[in-house]
Amino acid sequence: INHIVHNGGLYKRPFNEAFEETPMLVAVLTYVGYGVLTLFGYLRDFMRQWKIEKCQNATEREEQKDFVPLYQDFENFYNRNLYMRIRDSWNRPICSVPGAKVDMMERVSHDYNWTFTYTGRVIKDIINMGSYNYLGFAQKTGACQEAAAKVLSQYGAGVCSTRQEMGNLDKHEELEKLVARFLGVESAMAYGMGFATNSMNIPALVGKGCLILSDELNHASLVLGARLSGATIRIFKHNNMQSLEKLLKDAIVHGQPRTRRPWKKILILVEGIYSMEGSIVRLPEVIALKKKYKSYLYLDEAHSIGALGPSGRGVVEYFGLNPEDVDVMMGTFTKSFGAAGGYIGGKKELIDYLRTYSHSAAYATSMSPPVVEQIITSVKCIMGEDGTTVGEARVQQLAENTRYFRRRLKEMGFIIYGNEDSPVVPLMLYMPAKIGAFGREMLKRNIGVVVVGFPATPIIESRARFCLSAAHTKEMLDTALKEINEVGDLLQLKYSRRRLVPLLDRPFDETTYEETED
């Protein structure tokens, strides 16, 4: 299903997203695959129970059999019998900077992935298609590294206190002023952990008697924050404005359950780029609905800040919108800036309130000074305040890499999800056996990829997820594409029924489809 939206002037640019439907035969075979794995899982559990097969998973000790169990044994069924078969595709140990290429420690398993042994060999120069290094600031040389090393020698590595006590450095103040200027908001506050920026600040903003309207594909940190808040949570379909508007109307007409009193606050939670789908939020429509129904908007720009917009200022700039229309602008420093932590930007009253009431502000240790300096230097580079055009060139290079990589994969016949401008590129695998096979085959060819399956995705929508970087050269992308094409033929992954026609004279941003025989 392709969405090309102009929507009555709300969008100042074409908004192209593709979510091709799963072919029926592939869906049936995927369910059959999971069914076979489940049956074999029950058989192996039976054999383990009767000591026919050695039981390697954690179990309650004999002397604790009469205790209430710490966990139900069935909860580990998926881990034991399905995940364990392809566990070697995850948690691979990296021993270098996570830049365009990485070095990886080789490991082998002699007991079907229950344990791993390191061989002592290091696999060199693997093309890194998995890290969120969007602008290529994850590097061990250059201005960022030199500035961070200088601050490390001056301030040390740790702060050993919270911001409210003895941990408020001049560097923290400088960072927050810089972030506020970068975002175009009145004030900003930085936190030491991106996940906690969501999970610990949402409970400070809403509580009992408030309503949260959350996209069904929001990140776990947003989900946890919403649950911890005690507010009522209602879910709308992913990026579906009709679903969101219906929930807003119902909330205003019916009010709170039982009492029918008006909600104290209605908070809409969305992300800039959805990290599993590669889709971009329909922000102009969300803001229009927010204004129409007088609710609040919380925007998580973890993946979009730095990666979208002409000057890397995220999804707000991408759509040419006013930052003041977003009540809470949240983002992380872990991706485009090659560092750690997160931020919240908005009106001065909001930030002053969070400084007092946010758990992350009151109880968490301050950010490490070298990490703060890495962020300051990278943000200044993006803004051009370092006196160079390196930052601008990186943003432009990422946009070019994204469009080129997505177009080439579609030409090959893969089903690719998401927006054409999203640097997160999901390639659909579907069948459980192909998850592990794709990861292993790509590693054999010196390409590092991330493969994702249930429960992180719907059960029939397993995928490989590529994250593009400004550090990737065209030669690297061509090498990766050649190997992906080869593995796609080997594993029969080219499911798409809409093949892009590779015309040499086609404009760069135009898309032509030719229906192919199923």
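None of the values given here were measured: they were computed from a predicted structure. (Residues numbered from 1 in each chain as written. Predicted model: local features only at pLDDT ≥ 70, side-chain atom pairs only at ≥ 80, totals over all residues. Heavy atoms only, no water.)

Visitor: Before we move on, could you go through the nonpolar core and cite the residues and values that matter?
Guide: By size, the foremost hydrophobic cluster in this structure holds 106 residues, and its most contacted members are Met129, Phe405, Leu409, Phe438 and Phe466. Among all residues touching Leu409, those that are not within four sequence positions of it are Phe414, Ile416, Val425, Leu427, Phe466, Leu481 and Ile484. Judged by nonpolar contacts, the second largest core, of 21 residues, contains Met189, Ala204, Ile344 and Ala361. (Core = buried A, V, L, I, M, F, W, Y, C linked by side-chain atoms within 4.5 Å. Buried < 20%, exposed > 50% of the residue type's maximum accessible area, 1.4 Å probe, protein only. Contact = heavy atoms within 4.5 Å.)

Visitor: An account of the UniProt feature "domain: Aminotransferase class I/classII large" (unreviewed entry) in the chain is requested, with residue identities and associated values reported.
Guide: According to UniProt, the feature "domain: Aminotransferase class I/classII large" (unreviewed entry) maps to residues 124-484 in the numbering used here. Secondary structure across residues 124-484 divides into 43% helix and 17% strand, with the first and last C-alpha atoms of the span separated by 19 Å. (UniProt positions renumbered as here; feature names shortened; annotations may be inferred. Helix = DSSP H or I, 4+ residues; strand = E, 2+ residues; numbered from the N terminus.)

Visitor: Just give me the short version of a positive patch on the surface, but keep the residues and values in it.
Guide: There is a patch of like positive charges on the surface, built from Lys208, Arg258, Lys264 and Lys265. Looking at the element boundaries, Arg258 is found in the loop between α7 (241-254) and β8 (266-271). The class of Arg258 is exposed, set by a relative accessible area of 79%. (Patch = residues over 30% accessible without salt bridge, like charges linked within 9 Å, V, L, I, M, F, W, Y side chains within 5 Å. Areas by Shrake-Rupley, 256 points an atom, 1.4 Å probe, with all protein chains shown as cover. Salt bridge = Lys/Arg side-chain N within 4 Å of Asp/Glu carboxyl O. Lys, Arg positive; Asp, Glu negative; His and termini not counted. Charge placed at Lys NZ, Arg CZ, Asp CG, Glu CD.)

Visitor: Which residues make up the domain arrangement of the chain, and what values go with them?
Guide: Split into domains, the chain comes out as domain 1 (22-128 + 389-496) and domain 2 (143-383). Domain 1 and domain 2 are separated by 29 Å when their C-alpha centres are compared. Buried area between domain 1 and domain 2, summed over both chains or domains, comes out near 1,300 Å², and the portion from carbon and sulfur atoms is 61%. Applying the counting criterion to the domain 1 and domain 2 interface returns one salt bridge. Where domain 1 touches domain 2, the interface holds seven residue pairs in polar contact (both at pLDDT 80 or more). Those elements giving two or more residues to the side of domain 1 that touches domain 2 turn out to be α13 (390-412), β12 (418-419), β13 (424-430) and β16 (462-467). (Domains from an automatic or database assignment. Buried area = accessible area lost by both parts, 1.4 Å probe. Polar contact = N/O pair within 3.5 Å; in protein donor to acceptor, adjacent residues only side chain to side chain.)

Visitor: Give me the lowdown on helix α10 (residues 348-357), citing residues and values where you can.
Guide: Working note: α-helix, 3.6 residues per turn, so residues spaced by three or four point in the same direction. Within α10, burial applies to Leu350, Ile351 and Leu354. Along the axis of α10, the buried residues cluster in a sector spanning 95°; they form a single face. On the buried face of α10, the contacting elements are β5 (187-191), α5 (194-205), β10 (328-332), β11 (342-346) and α11 (359-363). (Arc of directions from axis to C-beta.)

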